[in-house]
Amino acid sequence: MNNNRLELLAPLSGVMVPLETIPDPVFAQKIVGDGVSIDPVSSELSAPVAGTVVNLHRACHALTLRSEEGIEVLLHIGIDTVELKGEGFTALVKEGDAVKAGQPLIRFDLDGVARKARSLLTQMLIANGERVARYLPAVGMVRAGETAALTLEFAAPTEADHAAQAAQAGQAGQGEAIVGEIVPLPNPSGLHARPAAVLATAAKKFKSVVFLQRNDQEVNAKSVVGLMGLSTAQGDPLRVKALGPDAQEAVGVLTELLRQGCGEKPGEAPAAAPSAPEPVRVKGASADEMVGVSASPGLAVGKIVQYRQQALDVAEQGAGPDQERAAFESALRTARNQIETLKQQINADAGNRNRVEILTAHQELLDDPGLIDLAIAGVSQGKSAGFAWRAAFTQYAAQLENLDNALLRERANDVRDVGRRVLALLTGVVQAALTVAPGTILAAEELAPSDTAALDPAKVIGFCTTTGGATSHVAILARSLGIPAVCGIEESALLIADGTLVVLDGSQGILRAHPSESQVAEARDKMTQIAAKREADKLLAIKPAVTLDGHLVKVMANIRNLEDAREALQLGGDGVGLLRSEFLFHERSVAPTYEEQAAEYAAVAQALGPERELVIRTLDVGGDKPLTYLPLPKEDNPFLGMRGIRVSLERPDLLRIQLRAMLAAAEATQLHIMFPMIATIDELRAAKMILAEESAATGKQAKVGVMIEVPSAAIMAEVFAREADFFSVGTNDLTQYTLAMDRGHPKLAKRADGLDPSVLRMIALAVEGAHKHGKWVGVCGGLASDVMAVPVLIGLGVDELSVSVPAIPSVKALVQRLSLDECRNLAREALALASSGEVRTLLAGFAQ
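Before going into details, it helps to say that this report is about the structure given with it. Since this is a predicted model, take the numbers as computed values, not measurements.

1. What about the overall build of the protein?
Broken down by element type, the protein carries 28 helices and 35 strands. The proportion of buried residues among the 848 residues of the protein is 51%. Contacts spanning at least 24 positions in sequence make up 71% of the contacts within the protein whose residues lie at least 6 apart. With an accessible surface of roughly 36,600 Å², the protein has 52% of that area assigned to carbon and sulfur atoms.

Structure, rendered in structure tokens:
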């Protein structure tokens with residue numbers, strides 16, 4: 001170091017990650033301090049600079065060094081690792097030890113901690129950064145004890161700095177201190193980094209000198225390091241002491257903050273990271289009937305073929321870094337070419353957009369710098385390319401599977417799929433082509449997305465897997481292929497002998513082995529009827545959806561992009577009832593620009609033209625479906641926290657850009673803008689105010705709508721209707737909030753039924769409130785695509801049904817076979833029933 005510059009060595013080997021992007025707001029928002037984050041590939045934390053260990057947390061996951069220059073460097077392994085209570089961590093130093101740069105400090109179990117912690121991302125932060133003028137982080141791969149991960153440039157102290165220090169010293173030496181009442185610390189893990197940072201940040205807002213006391217110990221409350229150095233535990237008697245002009249206020253505010261847990265829920269034990277429980281499975285009615293989750297609807301009769309992936313063995317030690325790296329890069333190139341060839345083969349047929357998009361995503365994974373850098377790091381340490389690559393993609397997949405978001409968890413299968421493709425090339429194992437006879441129904445523990453994309457629907461007429469769910473890429477591919485599929489099937493399905501005759505009911509999520517002749521005949525008859533009806537529906541779909549007694553119901557499409565919009569119009573859609581704008585925001589490291597968003601919205605608007613409606617929903621993300629560049633605090637229940645419009649109102653900068661981009665499409669179509677997860681009138685007014693300002697700035701207008709997704713919005717519909725132009729009911733969320741049942745819960749999902757009378761009554765309230773003020777109501781949730789539900793929705797007074805693109809023909813055809821009067825009578829009967837089972841029995845009888 002020179003007097004104005006200090007280099008901090010990497011404490012771990014790994015890939016540099018921008019601090020702003022990590023999934024913890026206290027670190028990402030630099031509340032603890034500025035610095036860097038590393039995605040580690042080594043398991044021994046070393047000193048980035050010579051100095052003294054001033055604090056070592058009892059859980060051994062974090063410590064603080066004070067360098068010889070007085071810089072306090074906080075090293076924090078992983079995110080939420082305090083909850084492991086020291087499991088997997090071994091301290092190699094103790095408080096007060098003098099250490100050299102590069103000296104080992106903490107050793108930890110890399111694999112064990114990765115399985116149990118929220119993340120392995122390790123932070124190196126400057127806790128007293130007042131002297132630092134610039135932070136110069138490294139990029140890419142760094143090596144522990146060798147590479148400079150962060151360079152600090154210092155500003156020369158000014159006269160104002162000296163004056164401030166003198167003033168503070170004067171406050172400390174005179175006047176009477178104010179001491180607060182004793183507060184038993186409620187935090188289960190004590191004042192670790194997160195609550196310590198919250199308390200220190202609050203303390204820094206006061207001019208007074210502030211201390212935190214425990215018995216006869218006293219530390220500077222404005223110092224994160226000092227607070228953590230107290231090594232507090234739950235129940236410790238703490239109190240705040242302050243000296244200065246605003247001491248009384250400081251003591252009051254900080255004492256209350258301590259009492260509330262400094263941002264953590266007081267008194268609640270941190271959630272342990274248990275091993276994954278065995279999946280709960282519903283058993284079939286007999287040994288030959290196996291039950292899973294519907295992944296793709298339809299019916300098939302065929303013979304079982306058990307599909308098993310080949311084992312791929314790799315040697316740990318390599319032939320040398322240069323040779324192994326060359327082999328790795330060659331395998332990556334070959335894998336990209338293989339996928340490109342597969343895409344071209346698939347693209348030769350029509351209607352394969354989903355299959356091609358998923359394979360394109362796999363190509364992008366092969367270029368993922370974080371994944372590749374992890375593998376290269378292993379190769380550089382003498383491992384074989386195969387061993388290093390397997391470790392890298394396994395770690396990536398494990399990180400995804402530990403996320404709260406079910407959709408992201410299921411992307412782990414894509415990572416493993418790409419990983420196996422490259423691994424097969426590195427090991428020289430030729431992946432056997434899937435050769436089956438026509439009429440095959442596959443059974444597998446897991447099907448890779450690339451395997452599924454390569455299936456020939458002329459031969460493979462359905463499949464079932466013991467893993468996965470309805471949102472997995474495998475399920476999406478099955479729906480694009482038009483073949484029935486069941487995921488999460490009972491494991492006994494893997495014991496069915498090859499060649500066994502089975503009936504696969506993708507709609508009900510059932511596999512039936514050894515069916516009787518009558519069951520086979522019944523299934524084949526139903527398949528014939530379904531095929532005939534599908535063709536008839538396509539012919540009716542080109543006509544308006546008018547009931548037998550002359551009532552028009554608009555049938556719109558739920559879409560993601562321009563391709564979906566075009567397909568919807570080809571199938572007879574009347575417009576777009578829901579454009580999910582969040583698809584523009586996912587799978588990227590930064591938010592989409594105004595230009596990117598405006599181009600996407602305008603393209604859809606131009607495809608629809610001025611005669612059709614386009615309803616665009618503003619960004620609908622939250623703690624349960626986060627964005628990497630929009631870190632949100634971890635919540636005990638993300639479904640009751642920051643979601644939908646609440647996130648947008650917290651980030652008005654993003655909302656303004658999005659609204660401005662939407663308004664750019666106003667001249668090309670009938671533009672409607674819809675706000676998600678509105679629960680109170682204040683939320684609607686706040687969102688409308690921002691929209692009004694952007695409308696005034698651009699000179700363009702749009703209709704304003706509210707998504708009815710929570711009971712409060714349905715109950716207050718008449719009030720909302722005074723200030724909104726339309727409603728759209730999101731039945732998926734409305735069902736789970738009304739019934740207090742998570743629709744992704746393994747035990748409760750099947751009971752979270754949108755046809756429950758309580759949910760139907762919520763829809764009825766929304767319709768009544770809207771119609772009282774002459775406003776229209778649509779349904780854009782999954783219930784609108786359910787042909788069993790369509791008659792009762794029409795009977796409740798719903799004006800518009802926005803459905804999945806493939807469902808447009810069947811829903812339009814059904815409307816044309818219904819009578820509005822009959823639907824109204826049906827709805828009255830349904831509202832009087834006591835359970836969803838009774839409603840379904842009523843509707844099944846109506847359909848016959």
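2. Looking at the pattern of salt bridges
Two side chains that carry opposite charge are able to pair once their charged atoms sit near each other. One pass over the full model with this rule turns up 30 salt bridges. One salt bridge in this structure joins Asp653 and Arg651, with 2.8 Å as the shortest N-O distance. For Arg656, the salt bridge identified is with Glu693, shortest N-O distance 2.4 Å. With Arg656 in helix α19 (residues 652-663) and Glu693 in helix α20 (residues 681-698), this residue pair connects regions lying 37 residues apart in the sequence. Given the relative accessible area of 37%, Glu693 is considered partly exposed. Through salt bridges that share partners, Arg656, Arg660, Glu693 and Glu694 make up one connected network.

3. Some remarks on α20
A rise of 1.5 Å per residue sets the reference length of α20, with its 18 residues, at 26 Å; its end C-alpha atoms lie 25 Å apart and thus fit the reference within 8%. Restricting attention to buried positions, one finds in α20 the residues Ile681, Glu683, Leu684, Ala687, Ile690, Leu691, Glu694 and Ser695. Packed against the buried residues of α20 are α18 (645-650), α19, β31 (670-675), β32 (703-708) and α22 (717-721). Where α20 terminates, the next one or two residues include Gly699, which has phi positive at roughly 75 degrees.

4. Let's talk about helix α6 (residues 247-259)
Between its terminal C-alpha atoms α6 stretches 18 Å, which fits the 18 Å expected from 13 residues at 1.5 Å a residue. Downstream of α6 by a residue or two, Gly261 has a phi angle that is positive, lying close to 90 degrees.

5. Quick notes on the nonpolar core
Core analysis: the largest hydrophobic core is formed by 93 residues, its most contacted members being Tyr601, Leu614, Ile673, Phe675, Phe727, Ile763 and Leu801. Here this core gets eight residues from one element, more than from any other, and that element is helix α24 (residues 757-772). The contacts of Leu614, once residues within four sequence positions are left out, are Val576, Leu579, Tyr601, Val604, Ala605, Leu608, Thr669, Gln670, Leu671 and His672. Of all hydrophobic cores here, the second largest spans 40 residues; its members include Ile38, Val49, Ile106 and Ala138.

6. Points about the sheet that holds strand β1 (residues 5-9)
The antiparallel open sheet is built from three strands, whose spatial order is β1-β14-β12. What marks the edges here is a single partner per strand, and that holds for β1 and β12 (132-137). Recorded for the sheet is a direction-independent mean angle of 20 degrees between the axes of neighbouring strands. Pairing of β1 with strand β14 (residues 148-154) involves five bridges; the strand directions are antiparallel. Its bridge partner lying in β14, Glu7 is registered against Thr151.

7. Regarding the packing of aromatic side chains
Applying the stated criterion to the full structure yields four aromatic pairs. Measuring from centroid to centroid gives 4.7 Å for Phe726 and Trp776, while their planes differ by 10 degrees, and the two rings are stacked. With Phe726 in strand β33 (residues 726-729) and Trp776 in strand β34 (residues 776-779), this residue pair connects regions lying 50 residues apart in the sequence. Relative accessible area serves as the criterion here: at 1%, Phe726 is assigned to the buried category. Among the aromatic residues, those joined into a cluster by ring pairs are Phe328, Trp389 and Phe393.

Cut-offs applied
Residues numbered from 1 in each chain as written. Predicted model: local features only at pLDDT ≥ 70, side-chain atom pairs only at ≥ 80, totals over all residues. Heavy atoms only, no water. Helix = DSSP H or I, 4+ residues; strand = E, 2+ residues; numbered from the N terminus. Buried < 20%, exposed > 50% of the residue type's maximum accessible area, 1.4 Å probe, protein only. Contact = heavy atoms within 4.5 Å. Areas by Shrake-Rupley, 256 points an atom, 1.4 Å probe, with all protein chains shown as cover. Salt bridge = Lys/Arg side-chain N within 4 Å of Asp/Glu carboxyl O. Expected span 1.5 Å × (residues − 1). Core = buried A, V, L, I, M, F, W, Y, C linked by side-chain atoms within 4.5 Å. Pairing = 2+ DSSP bridges. Axes fitted to C-alpha atoms, helices over the stretch in contact; angles between N-to-C directions. Phe/Tyr/Trp six-rings, centres within 6.5 Å; stacked < 30°, edge-to-face > 60°.

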